[in-house]
Amino acid sequence: MRHLSSHPISTSRRRVIGVLAAGLLCTAGVAVPAAAQSPVPPPAAGAQAANGLALTPPMGFNNWNSTHCRADFNESMVKGIADIFVEKGLKDAGYEYVNLDDCWAKPERDADGKLQPDPVRFPDGIKAVADYVHAKGLKLGIYTSAGTRTCDSVGLPGALGHEFSDAQQFADWGVDYLKYDNCNNQGVDAKERYTTMRDALAATGRPIVYSICEWGENKPWEWAAGLGNLWRTTGDINDSWGSMLSIMKQNLPLAPAAGPGHWNDPDMLEVGNGGMTDTEYRTHFSMWSVMAAPLLIGADLRRATPETFDILSNEEVIAVDQDPLGKQGVVLSSDGGRWVVAKEMGDGSRAVALFNETGEAQRISTTAGAAGLPKASAYTVRDLWEHITRNTAGGLSATVPAHGTVLLRVAADSDATTHPPAVELAVAGSPLVEAGRTAPLTTSVTDLGRTSAVRVSAALTGPSGWRVKAGSATTATVLPTGRALTTRWQVTPPAGTAAGTYDLTLTAQYRSPAGERVRSSVLFRAHVVVAPPAGGGQLSDLPQLSASNGYGPVEKDTSNGESAAGDGKPLTIGGQVYAKGLGVHADSTVEYYAGGACSTVTAQVGVDDEKGDKGSVAFEIWADGTKAASTGVLTNAMAAQPLSADVSGARVVRLVVTDGGDGVDSDHADWADLRITC
Ligand code: GLA
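What you are looking at is a predicted structure, and each value in this text was computed from that prediction instead of being measured.

## Quick word on the overall build of the protein chain
Now for step 1: Within the protein chain, the secondary structure is distributed over 11 helices and 41 strands.
Now for step 2: In terms of C-alpha radius of gyration, the protein chain reaches 26 Å, essentially the compact-globule figure of 26 Å for 678 residues.
Now for step 3: Dimensions of the protein chain, computed from C-alpha atoms along their principal axes, come out at roughly 80 × 70 × 45 Å.
Now for step 4: Put simply, the protein chain has 678 residues, and 56% of those count as buried.
Now for step 5: Intrachain contacts of the protein chain at a sequence separation of at least 6 include 72% that bridge at least 24 residues.
Now for step 6: A total accessible area of about 25,000 Å² is found for the protein chain, and carbon and sulfur atoms account for 51% of it.

Right, here's the structure in full:
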């Protein structure tokens, strides 16, 4: 990470995590929205920014996530993006702002104190780019810092002390949006710095969306509603599952602060940048929309895949984000990484996200009533990724693939039963199987609808060569409300199948009472596992069941280098170098198959020396669902600590590293000399 020294994020983040934990209350089994208890106060009436802009969350593009300050950030990129917005229908879908981030400027102001564009990147100047973008019916955004220099290591001129002249220069160029960063702020009070620029922008008389970017350090959700149109709530996102997840969790509890003209900003989109799967990017896009977050595309669209365009241009999901009521979704429940988040919509419907944080398919359930809808005999349920409408008697439930999100729009509706009934597909049993052996699996297809599902059939398919045999009925003539077709299966991967994860698909076909055909399927993972060798060994030599990591991949026998695989250094804690182990970055979870045959896991754990005096983490070892050992918070100043866990009988051993309560910056954690005894 680049900006560690200029991003002291700790205190505000610690508080936000506390709010999240405290915000999920249950009364007599009924989940109570976090918003009902949240200490984040809604902004005072009339707090909408005085400029009257951004009545729905801003949509557009910003180059930072794809280019940082590389040379490919230049005029031709910006124009290319504007062209694509028009050609590919993104402009029609609502994307409007084409925003320049850091590094557009020359290191020095001119003799009159004016900012100068970098002549290599922007040879025709910023006004020419603005004219080009405006001619396409789009708008231009720019970036500077509320400090003496911007955040880039070169440090380009910032606006502190130049607010009025810089704002006027932006207005003269035709700029429509300003992202105002926080680096090199000389310790001047944030509210004061951000107020001065607000006044400077207002003084130009030009409508300019004002994006406050102080990383949530001064809790802008408490004071910035009358100042800016949006404010960053966290440190920088990066293109990894761990980063996206951690930012989402910090932003969710801030729901009461968001509204038309004043939005929580969990940072720009990474969709399409390559570090996550398309399932994970759909989750990213779904959750940003349910959080009414700005949708600023961060991928270089000139090189984007068709799947990336499909995600970014899903107009039913965009409509959730852009709903005029402007409510941010609230968390109804999140136990076991099974999240239900509901967003009230202007037409009285609710967008409901069923989000699976875990590495396995999970059943996630709620009801129309819990999501805030009035009592009704039936509801329509629109699946915003499958683009299918069904009816439900009130239950909302799905088996959601690992890291996936099912995004629904639900409405009380007297005509609901004109749509086919919704069914829920579920898989019970743990699909961990050794090659050439047979594992049992049970599936069910349940009618959630007010009407019956008729001529129902279930099919289970695996990768080619796998044997999948039904041991009970796979069809039902009719399933009334609440009834299920349950099928037992035997699944056998061929002998010699390599250890790893494999996709199985459960598909149900059925008809509505009126004869309409419906097909519904869910993907889940089976793990082909290898029993650990007799006696055990170093875990870094054994195959992982799953791994997730804050930055870059989990490294074997080196520290975590934060980006590409293999970029770490020797594992080193308190000056001692270790040949074997895992190098991870908080938040991290790594799982191994122990097959019930092992007794202990031992390691020397600590923060790797490579981050100087920075970083603090805590380690946990889990045996199936039980925490078997843990450390307190360990810092870089400490020597390696021995950690030992009794994992007798566990099928799965899970190694967890958390951030020690102060955010993940510099949290390079080493599991040194990590052994399992079997
Ligand atoms: C900070 C911001 C980022 C980006 C960079 C540019 O880190 O939070 O979004 O603008 O600066 O240097």
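So that's the structure; there's more coming.
## What about the site of the ligand?
Now for step 1: Close to the ligand lie 14 residues, the nearest being Asp101, Asp102, Lys179, Asp181 and Asp236.
Now for step 2: Residue Arg232 places a side-chain N or O atom 3.2 Å away from an oxygen atom belonging to the ligand.
Now for step 3: Compared with its free state, where it exposes 310 Å², the ligand has 100% of that area covered by protein.
Now for step 4: For the shell around the ligand, a count of residues per class yields five nonpolar, two polar and seven charged.

## Thoughts on the sheet that holds strand β19 (residues 423-428)
Strands belonging to one sheet form pairs held by backbone hydrogen bonds; the direction of such a pair is parallel or antiparallel.
Now for step 1: As summarised here, the arrangement of the four strands in space is β19-β21-β25-β23, forming an open sheet in which the pairing is antiparallel. Two strands in the sheet have a free side with no partner beyond their single neighbour: β19 and β23 (467-470). Averaged over all adjacent pairs, the angle separating strand axes in this sheet is 25°, with direction ignored.
Now for step 2: In this sheet, strand β21 (residues 439-447) lies alongside β19 in antiparallel orientation, the contact comprising six bridges. Its bridge partner being in β21, Val423 is matched across the sheet by Asp447.

## Details of the pattern of salt bridges
Now for step 1: In the structure shown here, the tally under the stated rule is 30 salt bridges.
Now for step 2: Linking Glu620 and Lys627 is a salt bridge whose minimum nitrogen-to-oxygen distance equals 3.9 Å.
Now for step 3: In this structure, Arg675 and Asp673 form a salt bridge, with 3.0 Å as the shortest nitrogen-oxygen distance.
Now for step 4: For Arg675, a relative accessible area of 41% corresponds to the partly exposed category.
Now for step 5: Among the ionic contacts, a cluster of salt bridges with common partners joins Arg232, Asp236 and Asp267.

## Things to note about the environment of Trp671
Now for step 1: With respect to the helices and strands, the residue Trp671 is situated in strand β41 (residues 668-677).
Now for step 2: Overall, Trp671 belongs to the buried group, its relative accessible area being 0%.
Now for step 3: Each C-alpha atom of the pair Trp671 and Lys580 lies 8.7 Å from the other, and the pair is 91 residues apart in sequence.

## Describing the packing of helix α6 (residues 163-173) against helix α7 (residues 190-204)
Now for step 1: Running from N to C, α6 and α7 cross one another at 45°; their axes reach a closest spacing of 8 Å. As summarised for this structure, α6 and α7 are arranged oblique, according to the angle between their axes. Considering only the axes of α6 and α7, their crossing is right-handed. Across the interface between the two elements, Glu163, Phe164, Ala167, Gln168 and Ala171 of α6 pack against Thr196, Met197, Asp199, Ala200, Leu201, Ala203 and Thr204 of α7.
Now for step 2: Of the residues assigned to the contact of α6 with α7, the class counts are seven nonpolar, three polar and two charged.

## A short note on the side chain of Ser512
Now for step 1: Inspection of the secondary structure puts Ser512 in the loop between β26 (500-511) and β27 (517-529).
Now for step 2: Setting aside its immediate chain neighbours within four residues, Ser512 contacts Pro420, Pro421, Ser452 and Val454.

## A short note on the domain arrangement of the protein chain
Now for step 1: Split by domain assignment, the protein chain resolves into domain 1 (55-328), domain 2 (329-419), domain 3 (425-529) and domain 4 (537-677).
Now for step 2: Summarising the inter-unit geometry, the C-alpha centres of domain 1 and domain 2 are found 31 Å apart.
Now for step 3: The interface is formed by 28 residues belonging to domain 1 together with 24 residues belonging to domain 2.
Now for step 4: When the two sides are added together, the surface that domain 1 and domain 2 hide from each other amounts to roughly 2,200 Å², 66% of it contributed by carbon and sulfur.
Now for step 5: On the domain 1 side of the interface with domain 2, the three residues burying the most area are Val290, Glu316 and Val320, jointly 24% of the side's total.
Now for step 6: Applying the counting rule to domain 1 against domain 2 returns three salt bridges.
Now for step 7: Scanning the region where domain 1 abuts domain 2 turns up 14 residue pairs in polar contact (both at pLDDT 80 or more).
Now for step 8: When residues of the side of domain 1 that touches domain 2 are traced back to their parent elements, those giving at least two are α8 (241-251), α9 (278-290) and α11 (315-321).
Now for step 9: With nine residues, α9 is the single largest residue contributor to the side of domain 1 that touches domain 2.
Now for step 10: Tallied by class, residues from the side of domain 1 that touches domain 2 come to 15 nonpolar, six polar and seven charged.

## Here's the deal with the sheet that holds strand β13 (residues 350-356)
Now for step 1: As summarised here, the arrangement of the six strands in space is β11-β12-β13-β18-β15-β16, forming an open sheet in which the pairing is antiparallel. Each end of this open sheet is capped by a strand with a single partner; those strands are β11 (330-333) and β16 (388-392). The sheet shows a mean angle of 30° between the axes of neighbouring strands, taken without regard to direction.
Now for step 2: Alignment of strand β15 (residues 379-383) against strand β18 (residues 405-412), held across five bridges, turns out to be antiparallel. Each residue of the ladder has a partner; that of Thr380, found in β18, is Ala411.
Now for step 3: α9 rests against β12 (338-344), β13 and β18 of the sheet, and its axis sits at about 40° to β18.

## Some thoughts on α6
Now for step 1: Within α6 the residues assigned to the buried category are Glu163, Asp166, Ala167, Gln169, Phe170, Ala171 and Trp173.
Now for step 2: Against the buried residues of α6 lie α5 (125-135), β5 (139-145), β6 (177-181) and α7.
Now for step 3: After α6 finishes, the residue Gly174 shows a positive phi value of roughly 95°.

## Digging into the nonpolar core
Now for step 1: Core analysis: the biggest nonpolar cluster contains 108 residues, and Phe85, Tyr95, Trp104, Phe285, Trp288 and Leu301 have the highest contact counts within it.
Now for step 2: Of the residues forming this core, the biggest block, six residues, is contributed by helix α4 (residues 75-87).
Now for step 3: Taken together, domain 1 (55-328) and domain 2 (329-419) each give at least three residues to this core, which thus spans both.
Now for step 4: Once residues lying within four places of it in the same chain are set aside, the contact partners of Phe285 are Tyr95, Leu269, Val271, Leu295, Ile311, Leu312, Asn314, Val317, Ile318 and Trp385.
Now for step 5: One finds Ala603, Ala629, Trp671 and Leu674 within the second-largest nonpolar core, a separate group that totals 33 residues.

Quick notes on the rules
- Residue positions are given per chain, counting from 1 as you read along its sequence in written order.
- Selection of residues for local features in this predicted model requires a pLDDT of at least 70, selection of side-chain atom pairs for listing and counting requires 80 or more, and totals for whole chains, interfaces and linings are taken over all residues.
- Side-chain numbers here rest on the full set of heavy atoms in the structure, without hydrogens or water.
- Every helix listed is a DSSP run of H or I at least four residues long, and every strand listed is a run of E at least two residues long, numbered separately from the N terminus.
- In this setup the radius of gyration rests on C-alpha atoms only. A globule is expected at 2.2 Å times the number of residues raised to 0.38.
- Burial classes follow relative accessibility: with a 1.4 Å probe on protein chains only, a residue under 20% of its type's maximum area counts as buried, one over 50% as exposed, and anything between as partly exposed.
- Residues are treated as being in contact if the distance between any of their heavy atoms lies within 4.5 Å.
- Exposure was quantified through the Shrake-Rupley algorithm and a 1.4 Å probe, taking into account, for residues, occlusion by the shown protein chains and nothing else.
- Any residue with at least one heavy atom within 4 Å of a molecule or strand is counted as near it.
- Here a polar contact is taken to be a pair of N or O atoms separated by no more than 3.5 Å, where protein atoms must pair a possible hydrogen donor with a possible acceptor and residues adjacent in sequence count only if both atoms sit in side chains.
- Three classes are used: nonpolar for Ala, Val, Leu, Ile, Met, Phe, Trp, Tyr, Cys and Pro, charged for Asp, Glu, Lys and Arg, and polar for all others, with Gly counted as polar.
- Paired strands, in this sense, are two strands between which DSSP finds at least two bridges.
- Here the axes come from fitting lines to C-alpha atoms, over the contacting stretch only for helices, and the angles between their N-to-C directions go from 0 to 180 degrees.
- Salt bridges are identified by distance alone: a Lys or Arg side-chain nitrogen within 4 Å of an Asp or Glu carboxyl oxygen.
- By definition in this entry, angles of less than 35 degrees are roughly parallel, angles greater than 145 are roughly antiparallel, angles of 65 to 115 are roughly perpendicular, and the rest are oblique.
- Two helices crossing with the near one rotated counterclockwise from the far one by less than a right angle form a left-handed crossing, whereas a clockwise rotation gives a right-handed crossing.
- As used throughout, domain bounds are those supplied by an automatic or database domain assignment.
- The term buried area means the drop in 1.4 Å probe accessible area that two parts suffer when joined, counted for both and summed.
- For the purposes of this section, nonpolar cores are sets of buried Ala, Val, Leu, Ile, Met, Phe, Trp, Tyr and Cys residues that join through side-chain atoms within 4.5 Å.

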